[in-house]
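For reference, the chains in residue letters:
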Amino acid sequence: MTKMLQHQRQMSESMALGIVLTLAGGFQDAYSYNCRGAVFANAQTGNIVLLGQNLANGNWQRALHYLFPLIAFISGVYITEWVREFYKNYKKVHWRQIILIIEIVMLFIAGLLPQSLNTLSNVLMSFACAMQVNSFRKFKGIPCATTMCIGNMRSATEMLCKYHITKNPEMKKKSLHYYFIILIFGIGAALGSIFTNQIGNHAIWISAFLMFIGFIMMFVK
């Protein structure tokens, strides 16, 4: 059993799982922006800017449109820490798999909601995003985000510069790792845009399916 949990920890930080979750992350951002009222499920910086802008213009109702996803994101991080604490020694599944199941359920519900409930849909997606970004922080031993790009972009360029200065091939390897993850996120966003335009509200279920694949992968050595 200990060996099985060790394999699950290794898989939870594998590049293969990172690719799947990053595709899902990019997909969610494109879906929430194109289908759910121009709100970013993952990029909370954008939501803070739009919240401040609407507050400054006195658009109180519109401001709530961006406030609720922010609160949901904070709550998602908070709940994740409790899940980690209570299930970190759970024998049957890894605690990160529990996080993925919660995310899948939330995204499935989000896809059922009509356009009149866009705010609730965005709340569910932001909560799920927070759980993912707080649970899957490292791939192949390198800190990395699967739901946003700005931190990855900074790290990629930092490592590239260090490679040019030191000629250390490890810095080049890490830089390419980050740029590759950014590329995968962009592909996920492109797929999110395409399928959202074709399917509409239910398109987010594709992201949920990607997470289900990730869940299954964590059972594999």
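Look up a bit, the structure's there.
These numbers were taken from a predicted model, which means no experiment stands behind them.

Student: Give me the lowdown on helix H7 (residues 150-166), citing residues and values where you can.
Tutor: With 17 residues, H7 should cover 24 Å at 1.5 Å per step; its first-to-last C-alpha distance of 24 Å lies within 8% of that length. Buried residues along H7 sit against helix H8 (169-199). Among the residues trailing H7, Lys 167 stands out with phi positive, at a value near 65 degrees.

Student: I'd like a description of the pattern of salt bridges, backed by residues and values.
Tutor: Under the definition given, this model contains five salt bridges. For Arg 84, the salt bridge identified is with Glu 81, shortest N-O distance 3.0 Å. Residue Arg 84 and its partner Glu 81 are both found in helix H4 (residues 60-87); the two are separated by three residues, about one turn of the helix. On the basis of relative accessibility, which here comes to 22%, the residue Arg 84 falls in the partly exposed class. Linking Glu 158 and Arg 154 is a salt bridge whose minimum nitrogen-to-oxygen distance equals 2.7 Å. Highlighted residues: Glu 158 and Arg 154, both in helix H7, separated by four residues, approximately one helical turn. The exposure class assigned to Glu 158 is partly exposed, which follows from its relative accessible area of 28%. Overlapping salt bridges, with partners in common, bring together Glu 81, Arg 84 and Arg 137 in one network.

Student: So what's going on with the packing of aromatic side chains? Residues and values would help.
Tutor: For any two aromatic rings, the description comes down to two numbers: the centre-to-centre distance and the angle of the planes. Applying the stated criterion to the full structure yields seven aromatic pairs. Ring centres of Tyr 87 and Tyr 90 lie 5.6 Å apart, and the angle between their planes is 90 degrees; on these two criteria the pair is classed as edge-to-face. On the basis of relative accessibility, which here comes to 36%, the residue Tyr 87 falls in the partly exposed class. Ring centres 6.3 Å apart and planes at 20 degrees place the aromatic pair Phe 212 and Phe 215 in the stacked group. Highlighted residues: Phe 212 and Phe 215, both in helix H9 (residues 204-217), separated by three residues, approximately one helical turn. Here the aromatic cluster, defined as three or more aromatic residues joined through ring pairs, consists of Tyr 78, Trp 82 and Phe 86.

Student: Residues and numbers for the nonpolar core, please.
Tutor: Leu 100, Leu 107, Met 125 and Phe 136 are the most contacted members of the largest nonpolar core, which has 46 residues in total. Of all the secondary-structure elements, those providing two or more residues to this core are helix H2 (15-35), H4, helix H5 (95-112), helix H6 (118-135), H7, H8 and H9. It is H2 that provides the largest number of residues to this core, a total of nine residues. Sequence-distant contacts of Leu 100, that is, excluding residues within four places in its chain, are made with Leu 21, Phe 136, Met 211, Gly 214, Phe 215 and Met 218.

Student: Could you give an account of H8, with specific residues and numbers?
Tutor: With 31 residues, H8 extends 44 Å from end C-alpha to end C-alpha; this agrees with the ideal 45 Å at 1.5 Å per step. Along H8, the residues classified as buried are Met 171, Ser 175, His 177, Tyr 178, Ile 181, Ile 182, Ile 184, Phe 185, Gly 188, Gly 192 and Thr 196. Two residues or fewer past H8, Gly 200 is found with a positive phi of approximately 85 degrees.

Student: Break down a nonpolar patch on the surface for me, citing the residues and quoting the values.
Tutor: Where nonpolar side chains cluster on the molecular surface, the patch consists of Tyr 78, Ile 79, Trp 82, Phe 86, Tyr 87 and Tyr 90 and spans about 660 Å² of accessible area. Position of Phe 86 among the secondary structure elements: in helix H4. By relative accessible area, Phe 86 is classed as exposed at 60%.

Student: Go over the environment of Phe 127, please, and point to the residues and values.
Tutor: Here Phe 127 is to be found in helix H6. Placed 49 residues apart in sequence, Phe 127 and Tyr 78 show a C-alpha to C-alpha distance of 10.0 Å. What Phe 127 contacts, discounting residues up to four positions off in sequence, is Ala 72, Ser 75, Gly 76, Ile 79 and Met 106.

Cut-offs and rules
- Residues numbered from 1 in each chain as written.
- Predicted model: local features only at pLDDT ≥ 70, side-chain atom pairs only at ≥ 80, totals over all residues.
- Heavy atoms only, no water.
- Helix = DSSP H or I, 4+ residues; strand = E, 2+ residues; numbered from the N terminus.
- Expected span 1.5 Å × (residues − 1).
- Contact = heavy atoms within 4.5 Å.
- Salt bridge = Lys/Arg side-chain N within 4 Å of Asp/Glu carboxyl O.
- Buried < 20%, exposed > 50% of the residue type's maximum accessible area, 1.4 Å probe, protein only.
- Phe/Tyr/Trp six-rings, centres within 6.5 Å; stacked < 30°, edge-to-face > 60°.
- Core = buried A, V, L, I, M, F, W, Y, C linked by side-chain atoms within 4.5 Å.
- Patch = residues over 30% accessible without salt bridge, like charges linked within 9 Å, V, L, I, M, F, W, Y side chains within 5 Å.
- Areas by Shrake-Rupley, 256 points an atom, 1.4 Å probe, with all protein chains shown as cover.

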